[in-house]
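So the chains spell out like this:
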Amino acid sequence: MNSRNRKPLMLLLVVFLAPFLTALLVLQLGWYQGGATNKGQLLAGLHYRSLAQPNPAERQWQLLYLLPSQCDASCEDRLTAMQKVLQALGRERERVNAVVFYYQQRPELAEILTEKGFLMARANDAVKSALTEQTLVIVDPLGQWVMGYGDVQGQNAQILQGKHLLADMRKLLKLSRVG
């Protein structure tokens, strides 16, 4: 084979192998950052059964929050954000329940929250420890804890977290046929 016939073959080989080798190099060196559209942190292995906790709203999507011993301004902002997320869901609202877990019984606050449309449930120790790491949690209709949102301070941070929660909730409801 002469050099004149070899040139197109080498050029063809380079054209097809260059993208493959480039992709391999990018993956091996860790330059590629996988795309994620969720704003919350994905949770794995948390389920009502694994936490030995009865599911307060079976076959419904849920937004969970653990009521602290003293409901300060941050607590009130979080509860307000949960209400606003539910309102913003519009017609999808009936698929979602806002569940407030409590560890210490507070009848005066429980009555107010129940009037505002929150479900109240007593938290066991496992749920209490799980909800101290994630302040707000989205639960699917089968009881799997799907996504968590950490503790943030300040009203602007609470508003931003509410927007993130709403975006993730809309996406999950759109993709889900359950609940």
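Residues numbered from 1 in each chain as written. Predicted model: local features only at pLDDT ≥ 70, side-chain atom pairs only at ≥ 80, totals over all residues. Heavy atoms only, no water.

Draft legend 1. Inspection of the environment of S74 at higher detail. One can find S74 in helix 2 (residues 73–88). When residues no more than four places from it in sequence are discounted, the contact partners of S74 are V152, Q153 and Q158. (Helix = DSSP H or I, 4+ residues; strand = E, 2+ residues; numbered from the N terminus. Contact = heavy atoms within 4.5 Å.)

Draft legend 2. Seen up close, the sheet that holds strand 4 (residues 119–122). With mixed pairing, the six strands of this open sheet are ordered in space as 1-6-5-2-3-4. Among the strands making up the open sheet, the edge pair consists of strand 1 (41–42) and strand 4. Across four bridges, the pairing between strand 3 (residues 96–102) and strand 4 is parallel. Among the inter-strand pairings, Y102 is bridged to a residue of strand 4, identified as R122. Those strands touched by helix 2 are strand 2 (61–67), strand 3 and strand 5 (136–139), and its axis lies near 170° from that of strand 2. (Pairing = 2+ DSSP bridges. Axes fitted to C-alpha atoms, helices over the stretch in contact; angles between N-to-C directions.)

Draft legend 3. Representation of the packing of aromatic side chains. Here the structure, examined in full by the defined rule, presents one aromatic pair. Consider the rings of Y48 and W145, whose centres lie 5.9 Å apart with planes at 80°: the pair is edge-to-face. With a gap of 97 residues between them, Y48 in the loop between strand 1 and strand 2 and W145 in strand 6 (residues 145–149) connect regions that are remote in the sequence. When the ring centre of Y103 is taken as origin, the NZ or CZ atom of K128, which lies over that ring, is 4.0 Å away. (Phe/Tyr/Trp six-rings, centres within 6.5 Å; stacked < 30°, edge-to-face > 60°. Lys NZ or Arg CZ within 6 Å of the ring centre and 35° of its normal.)

Draft legend 4. Representation of the pattern of salt bridges. Under the definition given, this model contains two salt bridges. The partner of D151 in a salt bridge is R78, and the shortest N-O contact between them spans 2.5 Å. Here D151, found in the loop between strand 6 and helix 5 (155–175), pairs with R78, found in helix 2; they are 73 residues apart in sequence, far enough to count as distant. In this structure, E92 engages R95 in a salt bridge whose closest nitrogen and oxygen atoms are separated by 2.8 Å. (Salt bridge = Lys/Arg side-chain N within 4 Å of Asp/Glu carboxyl O.)

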